[in-house]
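Understanding the architecture of this molecule
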Amino acid sequence: MTKRLILTLTVIIMILTAGFCGLHLAREYTKIYKITHIGDMWSFIRLASVTSYAPFQEIDPDDFPHPPYPEQGDLLVALEGRPATEENYFNTFSTDTPAGRTIEIIFMHDNVMHTTDIVTRTIPGPLKLQIWLMFILRTLMVLGLILTGIWGFSKKATSPAVRTLTLFCFTLAVQMALSSDIIANPYAAFQLPIWLVTGFAILGMSSPCFWLKLHLLFPKTNTVYDRFRIPFNIAIFLPFLVLSYLRIFTLSSFPTLPITIFSTLYLAIGFILLTRNYRLSDSFIEKRQTRLVLLGSVIGITVFILFNWFTYVFDGLNFQLPIQTMMLIYNITFLFLLPIPVSFIYAFRKYKLLAVEGKIKRGTRFIVVNFILLIVFFGLLYLFGEFVLEAVGINSQTPTLVLGLGLALVFMPTQRRLRAKVEKYFYPERGRLRDLLRDFLASSMVRTDEESFWNNLQEKLAAGLSAERIYPVLRVNEESGFVAQNDEPTPFDLSDKLFEKLVNQESSILLDEAVESGKISLTEEQREWFLKRKCAVILPLTVKSGLVGFLVISCKTNGEDFTAEELELLGTFSVQIALVAENIQLLRERIEKQKLEEQMRMARDIQKGLLPDSIPNIKGLEIDALIRFCLDAAGDYYDVMPLSDGRIILAVGDVAGKGVGAALLMANLQASLRTTREMKVSLAESAEKINTLVYDNTPSELFITFFMASIDPATDRINYVNAGHNPPLLVRSDGRVERLSEGGLLLGVVRNVEYTEGTTDFFAGDTLLMYTDGVTEAMNPEGEEFGEERIISIVSDNKAMNPEELLQEIERRVEEFHGSSRYSDDFTLLAARRTDK
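All of the points below concern the structure found in this document. (Residues numbered from 1 in each chain as written. Predicted model: local features only at pLDDT ≥ 70, side-chain atom pairs only at ≥ 80, totals over all residues. Heavy atoms only, no water.)

Another aspect to go through is the overall build of the protein. Assigned secondary structure in the protein consists of 26 helices and 21 strands. By residue count, 49% of the 837 residues in the protein fall in the buried class. For the protein, the share of sequence-separated contacts (at least 6 apart) that also reach a separation of at least 24 residues comes to 70%. (Helix = DSSP H or I, 4+ residues; strand = E, 2+ residues; numbered from the N terminus. Buried < 20%, exposed > 50% of the residue type's maximum accessible area, 1.4 Å probe, protein only. Contact = heavy atoms within 4.5 Å.)

This next bit is on the pattern of salt bridges. Applying the stated criterion across every chain yields a total of 31 salt bridges. Arginine 121 is paired through a salt bridge with aspartate 60; the nearest N and O atoms lie 2.9 Å apart. With arginine 121 in the loop between strand S5 (112-119) and helix H3 (125-155) and aspartate 60 in the loop between strand S1 (54-55) and strand S2 (75-79), this residue pair connects regions lying 61 residues apart in the sequence. For aspartate 60, a relative accessible area of 17% gives the class buried. One salt bridge connects arginine 732 with glutamate 738, and the closest N-O pair in it is separated by 3.1 Å. A relative accessible area of 7% places arginine 732 in the buried class. Exposure remark for glutamate 738: the relative accessible area of 24% places this residue in the partly exposed category. When salt bridges that share partners are traced, they join Arg732, Asp734, Arg736, Glu738 and Asp766 into one network. (Salt bridge = Lys/Arg side-chain N within 4 Å of Asp/Glu carboxyl O.)

A contiguous patch of positive charge, built from Lys155, Lys352, Lys359 and Lys519, is present on the exposed surface. Looking at the secondary structure, you find lysine 519 in the loop between helix H18 (511-516) and helix H19 (524-532). Of the residues examined, lysine 519 reaches a relative accessible area of 36% and is grouped as partly exposed. (Patch = residues over 30% accessible without salt bridge, like charges linked within 9 Å, V, L, I, M, F, W, Y side chains within 5 Å. Areas by Shrake-Rupley, 256 points an atom, 1.4 Å probe, with all protein chains shown as cover. Lys, Arg positive; Asp, Glu negative; His and termini not counted. Charge placed at Lys NZ, Arg CZ, Asp CG, Glu CD.)

Taken together, five strands build an open sheet; the order of strands is S11-S21-S20-S16-S17 and the sheet is antiparallel. The sheet is open, and its two edges are formed by strand S11 (621-628) and strand S17 (737-739), each paired on a single side. Across the sheet, the axes of successive neighbouring strands diverge by a mean angle of 15°, strand direction being ignored. In the sheet, strand S20 (residues 767-771) pairs with strand S21 (residues 827-834) via five bridges, with the strands oriented antiparallel. Directly across from tyrosine 771, in S21, lies its bridge partner leucine 829. In the packing of helix H26 (residues 803-818) onto the sheet, the strands contacted are S11, S20 and S21, and the crossing angle to S11 comes to about 30°. (Pairing = 2+ DSSP bridges. Axes fitted to C-alpha atoms, helices over the stretch in contact; angles between N-to-C directions.)

Further remarks concern the pairing of S20. Across the five residues that make up S20, a large majority, five, are buried. Residues of S20 alternate between two faces, with Thr767, Leu769 and Tyr771 on one and Leu768 and Met770 on the opposite face, all of them buried.

Structure (structure tokens):
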């Protein structure tokens, strides 16, 4: 009966709180909408209902068309002949006041009365942006807290910890909704009764109580609290009840100091309990849970407490911060509070704890670094404008603007360098592990010895992660399932739930989390297999064609847990490990199971799997490709890679040779290209890195001709690098032909080659055609080559054709010239035509 009553009361509180928050935010929206669509003065004053004097807090000179001008601290005495009371002010500056209206005011400066005019204006842009940003962040915060509370309650309403989390989220949502009321109430389209607002404000005061109680229940119930629940609950909620009683009977005259002290004390005790729970946690999961909540809440709540204290101190000193500064502080506070609901959701789910922790760390570093840089940059601008220019007698603001532009240009590079230095300082082990894996994988791109590859990988991970061992589990074929190293049987097959999870998983899986949260279910045999190998992490190895297998990484030798940064790096390199593992597996199958013809067919399937399944639709571009192989597997390759910033990478390559070796080298080329593009380096740097990898890891008789281009439809530009490839043809709309030859040597011939990057325009009607030498070197029965001039003629005569039609026409003409559809060399075409945007 008691539990049912508690559940019913909780549901009622949730419904009423959500409804009030919605009403209050809707009311706030109407205030913002009104104030951004009316004329007003934007010099701020402090109004009072009991006096006819209103002191100026901030002065905006644009409000006053002529002198005399008031100064900060002067008193507004009258508006259009009426006393400057709160009622008269909002009658003068009402929701119907248009911009451009002239209003006479009287103000007092040094006990002398002055008369001047104010011309109403629409809200200034920066102030409007701050107001809307504050409303959006506050709404997101309130919505996130309410959804978190509903999610927790719907999952396990009978759990005291979950109920406490729900009540904490809803009461904090009320507190957030009622905070930062910068805009005066008369601008609202409707008003809420004072008793209703006061009641929910008192409810919001209880959030520190639920915060403290939550950490007596999370991640597990405190043993002392469990023995003395009633006395603990009375001790927790009694101060709140006393403050509520005083607040009800004193209303607006109740001082804020006791509430501020109460909130600070309870939130601090909650953090102490949370830290204690982290240190006394019995398992890695509990440590991750408490650490995630600490990371997600400590900064935001600390900033919130400090802001309340600063507000109290400034009010006591009769010091008022500028309105835009206040709103900036509010926005920063809300920004730091946003991770709270996310951290609680994942902490109670017990899944992806380290992944979310990593995201919160990265987001916090991003905000802190940018905030510090903004303070430094604006400080430099202020010092330069106020002191340097004044010292040299310059009144113009042009030098300040020039300095501002210069600082803006170096902001992003400085931010990246500073974040890299912060990461290197706080997470040096991440850099070491990255370097270890990168060097190892670079040297393993063409490795064929399976045993040495896995042994060396184990050595690197043991050095970088302190992992005791790794166990590769590889997929054999569609029928058989998985085997471990040296063909050791495993209890896994393609019908397992684990396999379904691995296929759809892009990042590392912590086994304890996945099992505890119910994300995967294991058979008893599988549990014993993992337990025997002390499995801590499962790393899926996935390539474009599907799941190759997975790595089982054992616990650390030092007994510590894995970190978010380590798992993130493992996920980053998993695709490359998978590619190497897949290549090794394919070579092994070639040697052991198939004859030459079967080997060729296998390699052909690999190569086709590396080619794009489809050409993406890019606005302003028409793209098509065509490839014909002379053998079952060949050395030709092309790729089309759309980037997140709207650009697209087109690439064509040709390995010297044919068959399995050429196809596998092309697979490595594709992996290298995609890896370097993810590193966000220039095309020239990408070519240099790929060249070094190819040179270091391939026989001297193998080399690659390669061309890659970056097309940006937004700027009508092509950037490219040609590494010894047949110069692609850029046919202009007027018939002119350009050959794109800027670049450098073939890939893999000489180490440490520098490449140059070419650039040119790419306007509507222009066509870019890339091809391999199998097209131009196709011969007729008389031994004459098809040649480049015939290709130019075809493209020039058929400028109106789309790429698909153009490539079909070239193929038809080459086949007619050659006299057969069977070629002695690979045959690849890739075309891009610029269309109107």
